[in-house]
Amino acid sequence: GQSYKIQNLNISSNSFAVGLFGVTAGANMKNIILYSDNNASIVRENTGQVGAYTLGGLIGVAYEYNVTGTNNFIENCAIAGYDIIDRSTNQHGLGEANIGGLIGVANVHLKRCSAVTDIILETCPEKAALWGIFIRVGGLTGAAQGMIQQCYSGGSIIISDETLESKVDYSNANQKKYEIYVGGI
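Residues numbered from 1 in each chain as written. Predicted model: local features only at pLDDT ≥ 70, side-chain atom pairs only at ≥ 80, totals over all residues. Heavy atoms only, no water.

(A) Up close: the packing of aromatic side chains. For the structure shown, the criterion picks out zero aromatic pairs. If you follow Arg44 out to its NZ or CZ, it ends over the ring of Tyr53, 4.0 Å from the centre. Taking the ring centre of Phe73 as reference, the NZ or CZ of Lys111 above it sits at 5.0 Å. (Phe/Tyr/Trp six-rings, centres within 6.5 Å; stacked < 30°, edge-to-face > 60°. Lys NZ or Arg CZ within 6 Å of the ring centre and 35° of its normal.)

(B) Structural context of the sheet that holds strand β13 (residues 103-106). Judged by pairing direction, the sheet is parallel, and its four strands sit side by side in the order β4-β9-β13-β17 without closing on themselves. At either margin of the open sheet sits one strand with a lone partner, and together these are β4 (21-25) and β17 (141-144). Each adjacent strand pair in this sheet contributes to an overall mean axis angle of 5°, direction not counted. Note that β13 and β17 share three bridges and pair parallel. The residue bridging Ala106 from the neighbouring strand is Ala144, located in β17. (Pairing = 2+ DSSP bridges. Helix = DSSP H or I, 4+ residues; strand = E, 2+ residues; numbered from the N terminus. Axes fitted to C-alpha atoms, helices over the stretch in contact; angles between N-to-C directions.)

(C) Quick peek at the pattern of salt bridges. What the rule picks out here adds up to four salt bridges. With a shortest N-O distance of 2.9 Å, Arg87 and Glu122 are connected by a salt bridge. Taken as a pair, Arg87 in the loop between β11 (78-86) and β12 (96-100) and Glu122 in the loop between β15 (114-121) and β16 (133-138) lie far apart in primary sequence, 35 residues in all. For Arg87, a relative accessible area of 33% gives the class partly exposed. The class for Glu122 is partly exposed, based on a relative accessible area of 32%. Between Arg136 and Glu96 there is a salt bridge, and its shortest N-O distance comes to 3.1 Å. Remark: Glu96 occurs in strand β12 and Arg136 occurs in strand β16; sequence separation between them is 40 residues. On the accessibility criterion, Arg136 (29% relative accessible area) is partly exposed. Members of the salt-bridge network, linked through shared partners, are Glu45, Arg87 and Glu122. (Salt bridge = Lys/Arg side-chain N within 4 Å of Asp/Glu carboxyl O. Buried < 20%, exposed > 50% of the residue type's maximum accessible area, 1.4 Å probe, protein only.)

From the geometry alone we can't say anything about function, so treat these as descriptive.
Below you can see the structure in the form of structure tokens.
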């Protein structure tokens, strides 16, 4: 916090929650700035394990953990200049992945946050989960369940030809679905 910046940090991980902070629970975060002026990247690499996953520049998953009756929040946090890259090929356990410029999944309130990143999907799932494959992508967050106030996202979302043309094994799936949902926020 304190408006110090974290600059040109590269992260490459095959974890199920990837970001500067993989998972936060009950955290209030303020004034964290990630900045890159040399095309640094935050990458989720391939893993052989089955499971859903999240990828975000600052946080993979931000959980609310409400014990005292207050709401958890992320405030005045920003990321700029980074490539957020998904190179996963693993089977999704529940058929789900969430990718965001700032946060993969946000179950907290977001106030005055921004993400100006290039999100690149190079994912090619080899085998579908029971209900298919669902990928949610957003400039700020892949999925959100809290309030989003006065936030901004910019940059681009690029889906590679390999992702769009990937051959998926649906032999154990009840539904042959491969859906990618893209949103600005």
